[in-house]
Amino acid sequence: MVVGLLGLQGAFLDHIRHLDALGIAHRIVRDPDGLQQVSRLIIPGGESTVMDKFLLEFGMMEPLRERIAGGMPTWGICAGAVLLAETVDGRPGSLRALPMSVIRNAYGRQLASRVRPIEVPILEALGRHGPFSGVFIRAPRISALGAGVVVHARSKADPVFVQRRRVMATTFHPELTSETVFHRYFIGL
Ligand code: GLN
């Protein structure tokens with residue numbers, strides 16, 4: 001197994017210590033060839049508009065859609081969750097790999113970064129009981145969910161960790177904490 005870190009922009013390097021701690025091979029993916037070398041992909045937090053632009057410029061949008069449609073396990077974090085969404089701010093999203101609607105920066109731009117305690121019952125199967133530190137940085141709000149999307153965690157009423165089949169999204173950043181159980185969950189998909 002080789003976990004790809006989409007390395008066009010954003011917080012991809014922050015995942016390396018978690019994957020190293022778990023002994024999982026990884027590689028930074030920046031073009032369609034690199035995508036072929038990995039068996040799963042993390043789409044990091046960052047700026048979704050910039051990543052969207054680079055995905056198109058580097059010819060990765062279509063190959064990535066195809067890989068995800070073909071069953072490649074994929075985890076989008078914050079901006080990565082935005083890229084995976086079917087609908088973003090009422091318009092068609094980039095990868096459209098998760099039937100959900102998101103609203104970018106829905107909690108405000110400057111005042112929107114905070115840590116909230118999050119319960120994630122599904123991680124108890126991996127031996128970790130919450131609460132977890134949910135680090136939110138200009139997070140999107142998941143405003144609607146389509147068929148087959150499972151909600152693993154909420155903050156207040158909003159879904160913040162969702163999954164359909166082998167595609168998962170968190171609107172918070174586990175890679176910015178020392179917690180590795182989210183990465184363990186991801187490599188088990
Ligand atoms: N606000 C960013 C966006 O919409 C996401 C922020 C993040 O990934 N921490 O792309």
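As a reminder, the structure under discussion sits directly above these lines.
Treat the numbers as computed from the prediction; the structure is a model and nothing was measured.

### Points about the site of the ligand
Here comes step 1: Surrounding the ligand, one finds Gly45, Gly46, Glu47, Ser48, Cys78, Ala79, Arg104, Asn105, Ile137, Arg138 and His173.
Here comes step 2: The backbone of Arg138 places a nitrogen or oxygen atom 3.0 Å from a nitrogen atom of the ligand.
Here comes step 3: His173 places a polar side-chain atom, nitrogen or oxygen, 3.0 Å from a nitrogen atom of the ligand.
Here comes step 4: Protein chains shield 98% of the accessible area of the ligand, which is 300 Å² for the free molecule.
Here comes step 5: Residues belonging to the shell around the ligand are distributed by class as follows: three nonpolar, five polar and three charged.

### Some remarks on the pairing of strand β3 (residues 40-43)
Here comes step 1: Both faces of β3 are covered, namely the face carrying Arg40 and Ile42 and the face carrying Leu41 and Ile43.
Here comes step 2: Alignment of strand β1 (residues 2-6) against β3, held across three bridges, turns out to be parallel. By the bridge assignment, Leu5 is partnered in β3 with Ile42.
Here comes step 3: Judged from the three bridges that link them, β3 and strand β4 (residues 74-77) form a sheet pairing that is parallel. By the bridge assignment, Ile42 is partnered in β4 with Trp75.

### Concerning the pattern of salt bridges
Between side chains of opposite charge, pairing is possible as soon as their charged atoms come close.
Here comes step 1: For the coordinates displayed, the defined rule picks out six salt bridges.
Here comes step 2: Across the pair Lys53 and Glu57 runs a salt bridge, and its minimum N-O distance is 3.1 Å. With Lys53 and Glu57 both in helix α3 (residues 48-57) and four residues apart, this pair spans about one turn of that helix.
Here comes step 3: A salt bridge links Arg141 to Asp158; the shortest N-O distance between them is 3.4 Å. Of this pair, Arg141 sits in strand β10 (residues 141-145) while Asp158 sits in strand β12 (residues 158-164), and the two are 17 residues apart along the sequence.
Here comes step 4: Judged by its relative accessible area of 29%, Arg141 falls in the partly exposed class.
Here comes step 5: One network of salt bridges, in which partners are shared, links Glu47, Arg104 and Arg138.

### A closer look at the sheet that holds β4
Here comes step 1: Taken in spatial order, the seven strands make up an open sheet running β2-β1-β3-β4-β13-β12-β11, and their pairing is mixed. Because the sheet does not close on itself, it has two edges, and the strands there are β2 (25-29) and β11 (150-155). Across the sheet, the axes of successive neighbouring strands diverge by a mean angle of 20°, strand direction being ignored.

### As for the side chain of His173
Here comes step 1: By the element assignment, His173 lies in the loop between β13 (167-170) and α6 (181-187).
Here comes step 2: Each residue touching His173, except ones within four places of it in the same chain, is listed here: Gly45, Ile77, Cys78, Val135 and Ile137.

### What about the packing of aromatic side chains?
Here comes step 1: Overall, the coordinates contain seven aromatic pairs when judged by the stated rule.
Here comes step 2: Measuring from centroid to centroid gives 5.7 Å for Phe136 and Phe172, while their planes differ by 55°, and the two rings are tilted. Of this pair, Phe136 sits in strand β9 (residues 132-136) while Phe172 sits in the loop between β13 and α6; the two residues are 36 residues apart in sequence, bridging distant segments of the chain.
Here comes step 3: A residue is classified by how much of its surface remains accessible, and Phe136, at 6% relative accessible area, is buried.
Here comes step 4: Taking the relative accessible area as the measure of exposure, Phe172 reaches 1% and is therefore buried.
Here comes step 5: Measuring from ring centre to ring centre gives 5.6 Å for Phe172 and Phe182, while their planes differ by 80°; the resulting arrangement is edge-to-face. Here Phe172 is found in the loop between β13 and α6, whereas its partner Phe182 is found in helix α6, with 10 residues between them in sequence.
Here comes step 6: By way of ring pairs, the aromatic residues Phe132, Phe136, Phe161, Phe172, Phe182 and Tyr185 are connected into one cluster.
Here comes step 7: A cation over a ring is seen here: Arg40 above Phe186, with NZ or CZ 5.8 Å from the ring centre.

Definitions and cut-offs
- Residues numbered from 1 in each chain as written.
- Predicted model: local features only at pLDDT ≥ 70, side-chain atom pairs only at ≥ 80, totals over all residues.
- Heavy atoms only, no water.
- Near = heavy atom within 4 Å.
- Polar contact = N/O pair within 3.5 Å; in protein donor to acceptor, adjacent residues only side chain to side chain.
- Areas by Shrake-Rupley, 256 points an atom, 1.4 Å probe, with all protein chains shown as cover.
- Nonpolar A, V, L, I, M, F, W, Y, C, P; charged D, E, K, R; others polar.
- Buried < 20%, exposed > 50% of the residue type's maximum accessible area, 1.4 Å probe, protein only.
- Helix = DSSP H or I, 4+ residues; strand = E, 2+ residues; numbered from the N terminus.
- Pairing = 2+ DSSP bridges.
- Salt bridge = Lys/Arg side-chain N within 4 Å of Asp/Glu carboxyl O.
- Axes fitted to C-alpha atoms, helices over the stretch in contact; angles between N-to-C directions.
- Contact = heavy atoms within 4.5 Å.
- Phe/Tyr/Trp six-rings, centres within 6.5 Å; stacked < 30°, edge-to-face > 60°.
- Lys NZ or Arg CZ within 6 Å of the ring centre and 35° of its normal.

The values are spatial; any link to function lies outside them.
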